[in-house]
Amino acid sequence: MEIKKKDIRALTKDQLREFFQNQGDKAFRGNQVYEWLWNKGAHTFEDMTNLSKDTRQMLQDNFVINHIKVDVMQRSSDGTVKNAVRLHDDLIVESVLIPTKTRTTACVSSQVGCSLDCKFCATARLKRMRNLNPDEIYDQVVAIDRESRLYFDRPLSNIVFMGMGEPLMNYNNVLKAIDKITSPEGLAMSPKRIVVSTSGVPKMIKKMADDDVKFKLAVSLHSAIDEVRTSIMPFNATFPLATLREALVYWYEKTKNRITYEYVVWEGINDKRKDVDALVEFCKFAPSKVNLIEYNPIDDGIFQQAKSEAIDMYQKVLESNNITVTVRRSRGKDIDAACGQLANKE
Ligand code: SF4
């Protein structure tokens, strides 16, 4: 009977050290393997060239390294690169490289599909199949770092958890992945360059604050009026704005990190003066800034990007209330770069 081998990346450094000791070898070998796995992003035991051939074979006999494969890579005319990523069990998620003049940002997925059902989102059409493991999140980052060096001659500088899935519904694995990405023995990236973007799960926002996390928080808000928000993000009925607001105030009091609100303005949905006024009020509870994001349509005709006059109105009203606002253009329009669009084409 074939014995199912364990994924070596499920082991902690201490467990790797213990494994080698149990094999009658030096515990230090565990550190070497850990470095290959989490600093150099090795996908085969053959790559581990400072280990003897026998040691590599012994690892091969005992473990596998389940890793992602970039199945389809699309490059947009604006430089955006979108990866359809195949997991070891053949499921597909997406990650995107977004280049600007000064930075390269990786937009990564945290779940296969999503259990939430935001009406404007392509991923919501895929039911949630499973959470990503820490290594599957880490691999997306390594793949994009390699693409950034290849196409733009510079390393990856920023990471946003804004791909498929709700990161706070896979909190433990997201945290473990960020640990590998930020630890000096991993990729040594600064947590200040990582943004976890949530649709707003109040209990988990409080937990993050209690856990004293160092990365930044963004909330996909899209409306500060309960009725409107529930119509486009139905889970708002369970976690209404008052509960979200209370969690955000808690977050700010504990971390002193200001919050970014991601906000799309859609025609006929949230493009009126009352919508902006509600947003201004919402922003007053804790220091925050607003990103107005241009919408990448998902072909159903219901959600259309609002007219530029509405965006101008938002910008003017927010600024006159001393709220920092950035208008972000949509990237990768020619390659279906809205989250979930590529996986939906399978
Ligand atoms: S917007 Fe985010 S939370 Fe909402 S359905 Fe899409 S992936 Fe899930």
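Note that the structure is a prediction, hence the values are computed from the model and not measured.

Conventions used here
Residue numbers run consecutively from 1 along every chain, following the written order of its sequence. Selection of residues for local features in this predicted model requires a pLDDT of at least 70, selection of side-chain atom pairs for listing and counting requires 80 or more, and totals for whole chains, interfaces and linings are taken over all residues. Neither water nor hydrogens contribute to the side-chain values; these are computed over all heavy atoms in the structure. When two rings of Phe, Tyr or Trp (its six-membered ring) have centres within 6.5 Å they constitute a pair, described as stacked for plane angles under 30 degrees, edge-to-face for angles over 60, and tilted for the intermediate range. To qualify as a helix, a DSSP run of H or I must reach at least 4 residues; to qualify as a strand, a run of E must reach at least 2; elements of each kind are numbered from the N terminus. Three exposure classes are used, based on accessible area relative to the maximum for each residue type with a 1.4 Å probe and protein chains only: buried under 20%, partly exposed in between, and exposed over 50%. A ring has a charge above it when a Lys NZ or an Arg CZ is no more than 6 Å from the ring centre and no more than 35 degrees off the ring normal. Any two strands with at least two DSSP-identified bridges between them are counted as paired. Starting at the helix axis, one direction is taken to each C-beta atom, and the arc is that of these directions. The contact criterion used throughout is that any non-hydrogen atoms of two residues lie within 4.5 Å. Residues belong to one nonpolar core when they are buried, are Ala, Val, Leu, Ile, Met, Phe, Trp, Tyr or Cys, and are joined through side-chain atoms within 4.5 Å.

Visitor: Quick one: what's the story with the packing of aromatic side chains, residue by residue and with numbers?
Guide: Tallied over the entire structure, the rule returns 10 aromatic pairs. Ring centres 5.2 Å apart and planes at 50° place the aromatic pair tyrosine 263 and tyrosine 314 in the tilted group. Of this pair, tyrosine 263 sits in strand S12 (residues 259-263) while tyrosine 314 is found in helix H10 (residues 308-320), placing the two residues 51 residues apart along the sequence. Residue class for tyrosine 314 comes out buried when judged on its relative accessible area of 0%. Every member of this aromatic cluster is reached through a ring pair, and the members are Phe120, Trp266, Tyr295 and Phe303. The side chain of lysine 180 reaches across the aromatic face of tryptophan 38, ending 4.8 Å from its centre. One residue, arginine 245, lies across the ring of phenylalanine 285, its end atom 4.3 Å from the ring centre.

Visitor: Account for the pairing of strand S6 (residues 104-107), with residues named and values stated.
Guide: In S6, alternate side chains face the same way, and those of Thr104 and Ala106 on one face and Thr105 and Cys107 on the other are all buried. Relative to S6, strand S5 (residues 92-99) runs antiparallel, the two sharing 4 bridges. Pairing of proline 99 across the sheet is with threonine 104, part of S6. Sheet analysis places S6 next to strand S9 (residues 158-161), joined by 3 bridges and oriented parallel. Directly across from alanine 106, in S9, lies its bridge partner isoleucine 159.

Visitor: Residues and numbers for helix H1 (residues 13-22), please.
Guide: Turning to H1, its buried residues number three or more, namely Lys13, Leu16, Phe19 and Phe20. Down the axis, H1 shows its buried residues gathered within 115° of arc, on one side only. Among the exposed residues of H1, those pointing more than 90 degrees away from its buried face are Asp14 and Asn22. If you follow the buried residues of H1, they end up packed against helix H2 (28-38), helix H3 (53-62) and strand S2 (63-64).

Visitor: Any chance you could break down the nonpolar core for me, citing the residues and the numbers?
Guide: Nonpolar side chains tend toward joint burial in soluble globular proteins. Counting 85 residues, the largest nonpolar core has Met48, Leu59 and Val290 as its most contacted members. The contacts of leucine 59, once residues within four sequence positions are left out, are Ile8, Phe19, Phe20, Val33, Phe45, Met48 and Leu51. Of all hydrophobic cores here, the second largest spans 14 residues; its members include Met233, Phe235, Ile298 and Phe303.

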